[in-house]
Amino acid sequence: MMSKIIFLDIDGVLNTERQHDRCVDEGVAYADNFGYAFDPIAVINLKKIIDDTGADIVISSSWKFWGLSTMQKLWASRDLPGRIIDVTPNTVSDELLLEIDLSYMELPAGKGSEIKEWLDTKGSEVTHYAILDDVPDMLSEQESHFVQIDPRVGITEEDAQKVTEILAK
């Protein structure tokens, strides 16, 4: 039974500028067969959230286009914390993007809309959710569930505490 869900972005949340720079400075590979290596400090902070809340993960990142099974294989291969149960749908179609009046410079809340679609169709047993992303393209109704991550460093201890508090409400 689901009750707590983390909607997780990857680039800028687990895959950080700090980790990329560290790998370049140390002359080590910063990617494997799945893509860029994740920042170990950000992963530790994700583990703290999972350990403290028991939340499951739904991938809201563009990495979701690899598919659920590949994301689960990545998680197992890298021995990452938590359990990925799904990926969000892609609800922002090319047709919708072509119809947007760019004179107003307002784009639809892409990830926010995708998270809403997932909650509306699959989230009947979700009691609490949090969104971790470095880009604030969420719906206004999601603001109290959203923690904006600094892409230079990924999930910090402070971010982990905020997410834990959101999932405890």
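An account of the accompanying structure is given in this report.

Thresholds, definitions, all that
Residues numbered from 1 in each chain as written. Predicted model: local features only at pLDDT ≥ 70, side-chain atom pairs only at ≥ 80, totals over all residues. Heavy atoms only, no water. Patch = residues over 30% accessible without salt bridge, like charges linked within 9 Å, V, L, I, M, F, W, Y side chains within 5 Å. Areas by Shrake-Rupley, 256 points an atom, 1.4 Å probe, with all protein chains shown as cover. Salt bridge = Lys/Arg side-chain N within 4 Å of Asp/Glu carboxyl O. Helix = DSSP H or I, 4+ residues; strand = E, 2+ residues; numbered from the N terminus. Buried < 20%, exposed > 50% of the residue type's maximum accessible area, 1.4 Å probe, protein only. Axes fitted to C-alpha atoms, helices over the stretch in contact; angles between N-to-C directions. Parallel < 35°, antiparallel > 145°, perpendicular 65-115°, else oblique. Left-handed = near helix turned anticlockwise from the far one by under 90°. Contact = heavy atoms within 4.5 Å. Core = buried A, V, L, I, M, F, W, Y, C linked by side-chain atoms within 4.5 Å. Pairing = 2+ DSSP bridges. Lys, Arg positive; Asp, Glu negative; His and termini not counted. Charge placed at Lys NZ, Arg CZ, Asp CG, Glu CD. Phe/Tyr/Trp six-rings, centres within 6.5 Å; stacked < 30°, edge-to-face > 60°. Lys NZ or Arg CZ within 6 Å of the ring centre and 35° of its normal.

## Regarding a nonpolar patch on the surface
A cluster of nonpolar side chains, contributed by V24, Y30 and Y36, occupies part of the molecular surface with about 280 Å² of accessible area. The topology assignment puts V24 in helix α1 (residues 17–26). Here V24 falls in the partly exposed class, since its relative accessible area comes to 48%.

## Quick word on the packing of helix α2 (residues 40–53) against helix α6 (residues 157–168)
The geometry of a pair of packed helices is captured by two quantities: the angle between their axes and the separation between those axes. Where α2 meets α6, the closest approach of the two axes is 9 Å, and the angle between their N-to-C directions is 25°. The orientation of α2 with respect to α6, classified from their angle, is roughly parallel. Here α2 and α6 pass one another in a crossing that is right-handed. Across the interface between the two elements, N45, I49, D52 and T53 from α2 touch E157, A160, V163, T164 and L167 from α6.

## So, the nonpolar core
Residues L8, L14 and W75 are the most contacted members of the largest nonpolar core, which totals 31 residues. For this core, the secondary-structure elements that each account for two or more residues are β1 (4–8), α2, β4 (56–59), α3 (68–77), β5 (84–87), β6 (128–133) and α6. The biggest single contributor to this core is α2, with five residues. Look past the residues within four positions of L14 in its chain and what remains in contact with it is L8, F38, D39, A42, V43, L46, W75 and I155.

## A closer look at the pairing of β5
Relative to β5, β4 is paired through three bridges, and the arrangement is parallel. By the bridge assignment, I57 is partnered in β5 with I84.

## With respect to a negative patch on the surface
A surface patch of negative charge is lined by E17, D21, D25 and E26. By secondary structure assignment, the location of D21 is in helix α1.

## Thoughts on the packing of aromatic side chains
Evaluated as defined, the whole model comprises seven aromatic pairs. Members of the aromatic cluster, each reached through a chain of ring pairs, are F34, F38, W63, W66 and W75. Between R78 and the ring centre of F38, over which it is positioned, the NZ or CZ distance is 4.4 Å.

## A look at the sheet that holds strand β7 (residues 146–148)
Taking strand neighbours across the sheet as the criterion, the five strands line up as β5-β4-β1-β6-β7 in an open arrangement whose pairing is parallel. Where the open sheet ends on each side, the last strands, each with one partner, are β5 and β7. Each strand axis lies, on average, 25° off the axis of its neighbour in the sheet, ignoring direction. Sheet topology places β1 next to β4; four bridges connect them, and they run parallel. Looking across to β4, one finds that I5 is bridged to D56.

## Quick word on the environment of I166
Topologically, I166 is positioned in helix α6. Judged by its relative accessible area of 10%, I166 is buried. For the pair I166 and K4, spaced 162 residues apart in sequence, the C-alpha to C-alpha distance is 10.0 Å. In this structure, I166 is in contact with H128, Y129, A130, S144, H145, F146 and V147, ignoring residues within four places of it in sequence.

Keep in mind these numbers describe shape, not what the thing actually does.
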